Each structure stands twice: as C-alpha cells, then as structure tokens.
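Geometric and topological summary
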Amino acid sequence: MFGIICVLIGVILVGYLIVKRYYAPWSLFLVGIILLAVMATISPEPLLHGAKSATKSAFFDVIQYFTNQSKSILVGLGLNIMIISGFADYLDKIGATRSMVEIAAKPLSYVKSPYLLLALAYALGQLINVFIPSAVGLGVLMMLMVYPLLISVGCSNVAAVACIITMSALDLGPASANSILTAKLASISPMEYFVDGQIPVAIVTVIAVAATHFFYQKFMDKRDLASGKLTTKDFELHSEFEVKDERKSAPKIYALFPVLPIVLLFIFSKFVYSGYRVELATAMMTCTLFSFLVDCLYTRDFRKSCENIKSFFSGMGRVFASTVSLIICAGVFADGLKATGGITTIINAAASMEGTGGMIMLLVMCGIMILASFVTGSGNAAFFAFSSLLPTAAKSVGWDILVMACPVQLVAGIARSMSPIAGVTISVAKIANVSPFAAVARTIPPMIVGTMVSIAASFVFL
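Residues numbered from 1 in each chain as written. Predicted model: local features only at pLDDT ≥ 70, side-chain atom pairs only at ≥ 80, totals over all residues. Heavy atoms only, no water.

Thoughts on the environment of D92
Here D92 lies in helix 4 (residues 77-94). Judged by relative accessible area, D92 falls into the partly exposed class, the value being 22%. As a C-alpha pair, D92 and V440 span 348 residues in sequence and 28 Å in three-dimensional space. Of the polar contacts made by the side chain of D92, one reaches the side chain of T97; its length is 2.5 Å. (Helix = DSSP H or I, 4+ residues; strand = E, 2+ residues; numbered from the N terminus. Buried < 20%, exposed > 50% of the residue type's maximum accessible area, 1.4 Å probe, protein only. Polar contact = N/O pair within 3.5 Å; in protein donor to acceptor, adjacent residues only side chain to side chain.)

A few points about unusual backbone geometry
With a phi close to 55°, R300 is a non-glycine residue in the positive phi region. What makes R300 exposed here is its relative accessible area of 76%. Phi angles above zero are rare outside glycine, and N433 is one such case at about 60°. With respect to the helices and strands, N433 occurs in the loop between helix 21 (423-432) and helix 22 (436-461). The class of N433 is exposed, set by a relative accessible area of 57%.

Describing the pattern of salt bridges
Counted by the stated rule, this structure contains 11 salt bridges. Across the pair D89 and R318 runs a salt bridge, and its minimum N-O distance is 2.9 Å. With D89 in helix 4 and R318 in helix 15 (residues 310-339), this residue pair connects regions lying 229 residues apart in the sequence. (Salt bridge = Lys/Arg side-chain N within 4 Å of Asp/Glu carboxyl O.)

Digging into the packing of helix 15 against helix 18 (residues 379-386)
In the contact formed by helix 15 and helix 18, the axes pass within 7 Å of each other and the chain directions differ by 40°. Where helix 15 crosses over helix 18, the two elements pack in a sense that is right-handed. Residues T323, L326, I327, A330, F333, A334 and L337 of helix 15 form the contact with helix 18, whose own contacting residues are N380, A381, F384, A385 and F386. The residue makeup of the contact of helix 15 with helix 18, split by class, is 10 nonpolar, 2 polar and no charged. (Axes fitted to C-alpha atoms, helices over the stretch in contact; angles between N-to-C directions. Left-handed = near helix turned anticlockwise from the far one by under 90°. Contact = heavy atoms within 4.5 Å. Nonpolar A, V, L, I, M, F, W, Y, C, P; charged D, E, K, R; others polar.)

A word on the packing of helix 10 (residues 177-185) against helix 11 (residues 190-227)
Following both chains from N to C, one finds helix 10 and helix 11 inclined at 95°, their axes separated by 9 Å at the closest point. With respect to each other, helix 10 and helix 11 are oriented roughly perpendicular. Between helix 10 and helix 11, the residues in contact are S179, I180, T182 and A183 and P190, Y193 and Q198, respectively. Class assignment for the residues of the contact of helix 10 with helix 11 results in 4 nonpolar, 3 polar and no charged. (Parallel < 35°, antiparallel > 145°, perpendicular 65-115°, else oblique.)

Here it is as structure tokens:
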C-alpha cells in the first residue's frame, strides 16, 4: 500500500508541475529523484546492484540513475531522434518539406464537395505526417496550403482548423519519437513496428476519423450557422489571415527528399532485402548527404549549401533540449515509480484477474495516456513518462508487447489533438483567429472515435 501511495503522489505531483507550465524534463527528474531518495532512505538494500551501475553510496546511487539513463538513451534512441530532427530541419531550410506538401495537396483542388474535401485533407495530412513528424510544422504548412482551399469550398474556419489539428494525431512512421521508443520496447526496428504494427491499425483508424470529420463537421457547421453561433464571415478568410512560414520554395524534385529515408529503410529490411543492415540513423545520414549533393548541383553554390547544412546540427541540438532530455528525465521518473514497488503491486493485481486482466491493464494505460496528454498538451511527455511500464504490464498478463504498446502509443497522440494547450492547437488556431477551446470542441468527437477504433483494431490485427 505504501508503494501505491508513493506512485499516486508522484504522478499527481508531476501532473501538477507540468500543468503549471514548469519545465517538464526537470519536473520529471525532480519527482523521480525524490522517490528514489525516499526509497534509498527506508530500504535496507541498495537501490542499484552491479559493478557498472552501483556507486556503493546511497546518495550517489540516486544520482547514478540519471547517468545510467543518459548512457542508455544517448547511444541509441536519443541519437536516432537527434539525427531525424537534424534531417527535418535541413529539409525545411532548403524548402524540401514545403515542396512535398505543395505537390501532395495539389489534387485536393479538384474536389468541390466541402466536407468530402475536408475528410480527404485529413487523410492526406495523416499520410504526410509519416514524412514530416512535427505536429506544429505540419500544421503550419497545412494552414498555408490546405486551409484556404477548405474555406473556399464552403467549410467553416473552425471545421478546417479542427481537421488540420488532427492530421498529426496518430504519430505514425519510423521517424516519430514515440514510434522509435515503442519499437525499442518491442525489440524490433522502427520500420518493422511501422509496417507490422502501425499500418494495419492506422488504416482503419484514419478511415474512421475521416468519416467522422465528414459527418460531424458538416452537422456542426449547419447547426451553428442556424443558431447564430457561426456567421457567414466564419466561412470566409479573415482579412488578417497570414501564415508566417520561413520555408522557401524549392524545385519539385526536392519533394522526394523527405520520402527517401522511409524508402531506404523499407528496401533494406526483412520486407525486401535484409542482406545489408541499415540502421535508422545511418539511413537518415545517407539521405542527408544525398540531399546536400543534389542541392550543391542545383544551386551551384557550394558555400551556400554548406551554410544550409548548419541547420542539420542545429536541429540535433534543438531536439536534445526539447525531446531527448525529456526522455532521459522521464526514465528517471519511471525508475522512481518502480523503486517504490507500487507499480509492481498494481500490475500484479491486474494480472490476477483471469480473462479480464489484460483488457483492464490496457484501458488503465490508455486512460493514463489520455489524461496526461490532455493536461500537458504533449503526447511525447505522457508517453515517455509511462511507456517503460508497458513491457512489464504486457508480460504480466501474457500479452504480446505490440498489442499493449501500439494502441497506447497512438492514443497518446490522439489525446494531444484534444488538448487546447497543445502546441499545434495553439499555433493553428491563432493563425485562423479561432479560439483553441472552440477548435478542440470540434476535434474531441473524431478523436474519441479514433481512440476506440485504434484499440479495437489492435486486437484484430496485432
């Protein structure tokens, strides 16, 4: 019981600090350290064992958890995420991501039915999210390319904003930080997780969410227009509409650059040819070099191309401060929760419920992710903080880790799309001059459908 009380206090304290907008990585680290310090004080046994991990001092053992997490994360997961971010920032710098969205969005201009266009735009955006894993970055690009199109055919501004906010809800693809972490937990490659785990579930979920957008946004626009909540001006671009986007236009051939890593990873995998072992970081670095060479040939300005590549390393540093540090500190927090013994007690209780323990465990984990993502506005923060519990939870009820982890990972991103304080919600709503709360009132029903379908599809396909 003491362990469960410690877990509850730790989770509540972290939730409070993050909701109050304290720096999330440090909040997770401090609470984790406090829990570890409490257990080091009252436990007769040392927290760490082994010559490589233990310091033989209770005080330094507590701090050693941070060192151990840093060593573990930076060598693999952290490096992958930093290189992916560097590659994405470099493509932004040379205009490749904008070129890709311009080409992908072009066919939408031929669709004249407002809500069919909205549903198709959602599906297209979710597909593009595989290659552009930044929710805010994708949202801004879609506001530039797709939002005016949606308004021009007759969708309301709030319906269009809701659609664009949810385009990154599923966090799909081997370039997503949450996907990379899930693949590590399942001891498979990110591409294997994407193909074997995410794609079957995502196809069904995307169709369900797109259909829900079609009917729900159409119904709400008609109802709100009739009640006076919306006016005809809400179906027009406001005069101050402007998308501040520093991405420049680039040759159409540059649109292939974001796709190359996915193609490379797919080709050199168990699905096509496994004679060569190409890791995620290697594929990203190869594509960065290729993109640089093409840019040099096109611009014929070696100095400028070298200047542009600085964004690659700046992107690596940026994501270390925002994401990798969050993963490390979330690991320390998870270590603190485990050290109390409360997590083991909860998992054992669920495992003892024959026949229903697995379902209860999954629903509890999904519930935690939904609540944490909603109140923090971050799917990453929620998933990083609690994902390390998934292997133990799955094993305790005799489930395959993918059946437990895949819906939980997807739900974390889905819940972010329901949060009025999520970065993508605030950014997109501000551009459209729409209240974030009005926007999420339109995202919540489609995302509830997405949550239920993703969980059900995981049971069917995984």
